[in-house]
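Per-entry structural report
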Amino acid sequence: MRKRKINFPTRFLVFSLIILLALLFILGYIWRVLSTADYFQVRDVVANEISPVDLSYLKGKNIFNLNLPIESAHIARFCPDCSRVRLARIIPNRIFVEFIKRRPIALIRLYRYFAVDADGVIFSSSLQPQDSGLPVILGLETKIFGPKAGNRYDHKELSVALLILKEAGKNRLFRDYKIQKVIIAGIDNITLQIPILRGQNTYANWRAPDKNEFLEIKIGQGNIRDKVAIMAGLIDQEKHNLESIKYIDLRFREPVIKFKDVK
């Protein structure tokens, strides 16, 4: 009986399998060397700012064995004012830690002042209203109890206030007419205070600027983008007459402008 010859496909598969096994063996050997050599043990941990947690626990560990996402999440728990913490390997034996801080969009007054970002995450801040240049959200003291830094809060009133500030931040007009306070009496009863300089539009009458007054805008939930656009249009339209306006009310179908000299 004649012996059957191994055809070409079978011979090719056997050869490929041998090559694959050899590569796996070589890669496994390289990995064992990299993951056990003292040369790749972490000796320095560098951060872009002072860390709230002692990072020395990373030292002595193999740089390739570190699970960077897990370590990032662990460190982030000690940094509630960080939106994320990023770790990077610097071969052969250094770890770089980058703390990416949250950007406050406003201060919120609870039992003390906290910063809050655009996502509704509350965190501690050394900023005070008079020094921060940020708008202050008032009226939520009885809505948010025991706030914890680093937690996200989905309260409707806070969400509406943040949406107003985000939409205003997109409009160039509010670079000159900045919202200073957001006073929340209810979801459909929010008052914005925008400081205006008394006498700033009356130089023609030789009156010098005196002190700050406030333009008040009343606003409620729903169609915030459109309401902010209307608010900007009305302020621009009445910019030479803002001192005589008591408030602008955007809570109804048609905007209402109430003047101070009208009873």
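Just above sits the structure.
Reference entry: report on the structure contained in this document. For every chain, the first residue of the written sequence is number 1, and numbering continues from 1 along that sequence. Given that this is a predicted model, residues contribute local features only at a pLDDT of at least 70 and side-chain atom pairs are listed and counted only at 80 or more, while totals for whole chains, interfaces and linings are drawn from all residues. Just so you know, side-chain values use all the structure's heavy atoms and leave hydrogens and water out.

Another aspect to go through is helix H4 (residues 156-169). Helix and strand definitions follow DSSP, with helices as H or I runs of at least four residues and strands as E runs of at least two, each counted in order from the N terminus. To estimate how far a helix should reach, multiply one less than its number of residues by 1.5 Å. Between its terminal C-alpha atoms H4 stretches 20 Å, which fits the 20 Å expected from 14 residues at 1.5 Å a residue. Under the scheme applied here, a residue whose accessible area is under 20% of the maximum for its type counts as buried, over 50% as exposed, and between as partly exposed, the area being computed with a 1.4 Å probe on protein chains only. Taken together, the buried positions of H4 are occupied by Glu157, Leu158, Val160, Ala161, Leu162, Ile164, Leu165, Glu167 and Ala168.

Attention now goes to helix H2 (residues 68-76). Every buried residue of H2 is accounted for by Leu68, Glu71, Ser72 and Ile75. All buried residues of H2 lie within an arc of 105° about the axis, which places them on one face of the element. Among the exposed residues of H2, those oriented more than 90 degrees off its buried face are Pro69 and Ile70. A contact between two residues is defined here by any heavy atoms of the two lying within 4.5 Å. Buried positions along H2 lie against strand E2 (82-90) and strand E3 (94-101). When we speak of the arc, we mean the arc of directions from the helix axis to the C-beta atoms.

With that settled, consider unusual backbone geometry. Residue Pro92 is bonded to the preceding Ile91 through a cis peptide linkage, with omega at 15°. Locating Pro92 in the fold gives a position in the loop between E2 and E3.

Let us look at the state of the cysteines. Any two cysteine sulfur atoms within 2.5 Å of one another count as a disulfide. Under the defined criterion, the tally for this structure stands at one disulfide. Paired by a disulfide, Cys79 and Cys82 hold their sulfur atoms 2.1 Å apart. Torsion about the S-S bond of the Cys79 and Cys82 cystine: about 45°, corresponding to right-handed handedness. Note on Cys82: relative accessible area 4%, which makes it buried.

The term salt bridge refers to a pairing of a side-chain nitrogen on Lys or Arg with a carboxyl oxygen on Asp or Glu at a separation within 4 Å. Per the stated rule, a full pass over the model turns up twelve salt bridges. Linking Glu167 and Lys170 is a salt bridge whose minimum nitrogen-to-oxygen distance equals 3.3 Å. For Lys170, a relative accessible area of 60% translates into the label exposed. For Glu213, the salt bridge is made with Lys260, and the minimal N-O distance between the two is 3.5 Å. Linking Glu213 in strand E10 (residues 212-219) with Lys260 in the segment after strand E12 (256-259), this pair joins segments that are 47 residues apart in sequence. Glu213 gets classed as buried once you look at its relative accessible area, which sits at 17%. Here the salt bridges share partners, and the residues they tie into one network are Glu49, Asp81 and Lys101.

What follows covers the pairing of E12. The two faces of the sheet receive side chains in turn, since in a regular strand these alternate between them. Here, any two strands with at least 2 DSSP bridges between them count as paired. Pairing of strand E11 (residues 245-249) with E12, which is carried by four bridges, proceeds in the antiparallel orientation. Each bridged residue has a counterpart across the sheet, and for Ile248 the counterpart in E12 is Ile257. In textbook terms, the turn of a hairpin is the stretch between consecutive antiparallel strands, and for E11 and E12 this stretch comprises six residues.

Looking now at the environment of Asp154. As for its placement among the helices and strands, Asp154 is situated in the loop between strand E7 (136-138) and H4. Residue Asp154 is classed as exposed on the basis of its relative accessible area, which comes to 53%. Pairing of N or O atoms within 3.5 Å defines a polar contact, subject to two protein rules: one partner must be a possible hydrogen donor and the other a possible acceptor, and residues neighboring in sequence count only if both atoms are side-chain atoms. A distance of 2.5 Å separates the side chain of Asp154 from the side chain of Arg152, its partner in a polar contact.

The sheet built from three strands is open, its strands ordered E1-E3-E2 with mixed pairing. Two strands close off the open sheet at either side, each with one partner strand: strand E1 (44-47) and E2. Going from strand to strand, the sheet's axes swing by 20° on average, the running direction of each strand aside. As defined by bridge partners, E1 adjoins E3 across four bridges and the pair is classed as parallel. All axes are obtained by fitting lines to C-alpha atoms, using only the stretch in contact for helices, and the reported angles, taken between N-to-C directions, cover 0 to 180 degrees.

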